[in-house]
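# Commentary on secondary and tertiary structure
Here is what each chain is made of, one letter per residue.
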2 protein chains.
Amino acid sequence: MHSHDLQGPAPDDPHPANPRAQIAGILRGRWSTRLFDPIHELFDDELTQILEAARWSPSAGNSQPWAFIVGRRDDPTHQRFVELLSRGNISWAPEASALILTLHQSAVERDSDLVLSDYAMYDLGQAAAHLTFQAQSMGLFVHQFAGFDHERAAEVFEVPNHWTVTTGIAIGRHANAEQVAVAPESLLERERTPRQRKEFAGFVFSERFGSPAGGWG
Amino acid sequence: MHSHDLQGPAPDDPHPANPRAQIAGILRGRWSTRLFDPIHELFDDELTQILEAARWSPSAGNSQPWAFIVGRRDDPTHQRFVELLSRGNISWAPEASALILTLHQSAVERDSDLVLSDYAMYDLGQAAAHLTFQAQSMGLFVHQFAGFDHERAAEVFEVPNHWTVTTGIAIGRHANAEQVAVAPESLLERERTPRQRKEFAGFVFSERFGSPAGGWG
């Protein structure tokens with residue numbers, strides 16, 4: 001494990017993006033930054049740890065229906081992925097230390113005795129969350145995105161038909177004060193926008209769908 | 001926050017289910033137990049904290065396409081859910097302190113201006129992982145499952161057509177030593193089975209799908 005010189009906001013720092021919720025610091029301090037340190041590099045063992053966390057995520061019947069195509073800044077995988085990014089994401093995602101393309105298994109290979117899981121996307125989402133926690137526990141930030149050319153990604157990365165390109169995951173260190181000072185105003189503004197969520201009454205129910213949970217929640 | 005008398009295996013304890021992976025303790029110490037303390041109850045503020053964690057999970061365009069129908073042991077929601085469980089799950093899930101039915105938004109209501117997210121299952125999976133981390137940070141255990149009558153669940157819980165019943169989540173305290181001593185052998189055997197996962201070469205790639213990542217991983 002390498003020590004990190006956390007020049008950007010540490011996960012527990014006060015930040016407008018942080019909810020005041022009574023939840024574990026590593027959850028409260030998580031947000032999808034658009035300000036990555038464009039110099040920071042991930043060591044081999046750091047990437048291994050981050051992907052180990054995804055590996056040990058739970059899945060339906062232990063199907064593990066996930067795959068990750070991993071690029072580090074300026075390597076061939078990263079370069080190919082950057083070319084597929086939407087206009088909205090090209091302004092920040094390439095600066096991250098790693099870009100990971102995620103995939104879930106969406107059909108079964110001919111003559112395979114594998115049983116297809118109906119929960120492949122759900123399980124991939126969980127694996128992405130596990131990876132995120134590991135990265136954050138190492139002082140890193142994660143920003144997931146869907147804005148890229150999925151069809152082209154399947155071609156460029158030679159994805160077989162029974163797998164589906166799903167999301168992108170940017171991982172890196174938060175920009176330091178000097179880097180933030182020269183960041184585009186459009187990114188700074190989004191960075192400062194407080195995170196918003198639905199109230200409990202909109203998604204936490206008891207007895208039946210739509211019925212807000214009673215004494216708590 | 002209430003203090004917990006952790007009589008069962010604490011998340012960091014040596015346990016056959018724990019991988020030796022170099023990942024954060026809260027990830028390494030997670031497994032889907034089938035041995036819940038059938039006496040333990042969750043306090044209101046504990047359930048609130050657990051669901052707050054799901055609430056602050058990320059989602060595509062902040063769509064938050066998740067919902068949770070929450071029962072505590074022996075309340076009407078719990079009773080209804082227990083009646084829907086598969087034979088495999090009825091042997092352990094009812095003992096947990098809470099059973100949560102998860103749902104994701106799978107279509108748009110007529111006349112709604114909501115945009116449907118293609119990532120609703122992925123995002124629900126992430127929210128379930130966030131909830132899991134919060135519960136574990138409080139010394140609790142989580143076991144997700146899909147084995148129950150989904151169609152009947154949609155009827156019993158009056159789920160609208162544009163939402164899809166997805167998984168169940170059992171949350172509680174691990175059984176203590178006395179409770180473990182009287183647990184059925186079939187559950188104990190599964191509890192002791194070491195967790196297994198694919199090797200990195202099977203799901204971590206670079207440059208193209210199927211090509212194992214080079215110097216690391």
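Quick note: structure is the one above.
Read on for an overview of the structure. (Residues numbered from 1 in each chain as written. Chains lettered and ligands numbered in written order. Predicted model: local features only at pLDDT ≥ 70, side-chain atom pairs only at ≥ 80, totals over all residues.)

### What about the relation of the copies chain A and chain B?
Heads up, the rule is: Copies overlap after least-squares fitting; the atoms used are the C-alpha atoms of residues with pLDDT of at least 70 in both. Working definition of a contact: two residues with C-beta atoms, positioned from the backbone, lying within 7 Å.
For the match of chain A to chain B, the screw axis carries a shift of 0.0 Å, the RMSD comes to 0.0 Å, and the turn is 180°. These values place the two chain copies in the arrangement generated by a two-fold rotation axis. Here 100% of the contact residues of chain A are again contact residues in chain B; the copies associate through an equivalent surface.

### Section: helix α2 (residues 44–55) of chain A
The criterion, for reference: Strands are runs of DSSP state E lasting at least 2 residues, helices are runs of H or I lasting at least 4, and numbering of each runs from the N terminus. Any helix carries an expected span of 1.5 Å times its number of residues minus one. Residue burial here comes from a neighbour count, namely the number of other C-beta atoms, placed from the backbone, that lie within 10 Å of the residue's own C-beta, with 20 or more meaning buried, 12 or fewer meaning exposed, and in between meaning partly exposed.
Between its first and last C-alpha atoms α2 of chain A spans 16 Å; for twelve residues at 1.5 Å apiece the expected length is 16 Å, and the two agree. Most of α2 of chain A is tucked away, with ten of its twelve residues classed as buried. Residues of α2 of chain A that are buried include every one of E46, L47, T48, Q49, I50, L51, E52, A53, A54 and R55 of chain A, and no others. Considering only its buried residues, α2 of chain A is in contact with β1 (66–72), β2 (98–105), α5 (120–137) and β4 (163–172) of chain A together with α1 (25–28) and β5 (204–205) of chain B.

### With respect to the environment of P76 of chain A
Within the secondary structure, P76 of chain A sits in helix α3 (residues 76–82). According to the C-beta neighbour criterion, P76 of chain A is exposed, with 11 such atoms within 10 Å.

### Observations regarding the interface of chain A and chain B
Where we set the bar: For two strands to be treated as a pair, DSSP must find no fewer than two bridges joining them.
Taken residue by residue, the interface counts 65 residues in chain A and 65 residues in chain B. Of all elements in the fold, only α2, β1, α3, α5, β4 and β5 (204–205) of chain A reach the threshold of two or more residues within the side of chain A that touches chain B. The leading source of residues in the side of chain A that touches chain B is α5 of chain A, at twelve residues. For β5 of chain A and strand β1 (residues 66–72) of chain B, the ladder comprises two bridges, and the chain directions are parallel. If you follow F205 of chain A over to β1 of chain B, its bridge partner there is I69 of chain B.

### Digging into the packing of helix α2 (residues 44–55) of chain B against helix α5 (residues 120–137) of chain B
In helix packing, the relevant descriptors are the interaxial angle and the interaxial distance, both defined with respect to the helix axes. Residue and element names in this part refer to chain B. Short version of the rule: To obtain an axis, a line is fitted to C-alpha atoms, over the contacting stretch when the element is a helix, and the angle between two such axes runs from 0 to 180 degrees between their N-to-C directions. Whether a crossing is left-handed or right-handed is set by the direction in which the near helix is turned from the far one by less than a right angle, anticlockwise for left-handed and clockwise for right-handed. Classes in brief: Ala, Val, Leu, Ile, Met, Phe, Trp, Tyr, Cys and Pro nonpolar; Asp, Glu, Lys and Arg charged; the others, Gly included, polar.
Across the interface, α2 lies against α5 with an axial gap of 7 Å and an inter-helix angle of 145°. As α2 runs across α5, the sense of the crossing is right-handed. Two secondary-structure elements touch here, α2 through Q49, I50, L51, A53 and A54 and α5 through A127, H130, L131, F133, Q134 and A135. In the contact of α2 with α5, the residues fall into eight nonpolar, three polar and no charged.

### Describing the pairing of β2 of chain A
Successive residues of a regular strand alternate their side chains across the two faces of the sheet. All names here are of chain A. For β2, the tally of buried residues reaches eight of eight residues, placing the bulk of the element in the interior. On β2, burial covers both faces: A98, I100, T102 and H104 on one face and L99, L101, L103 and Q105 on the other are all buried. In the sheet, β1 pairs with β2 via seven bridges, with the strands oriented antiparallel. By the bridge assignment, I69 is partnered in β2 with L101. Relative to β4, β2 runs antiparallel, the two sharing seven bridges. The residue of β4 that forms the bridge with L103 is V165.

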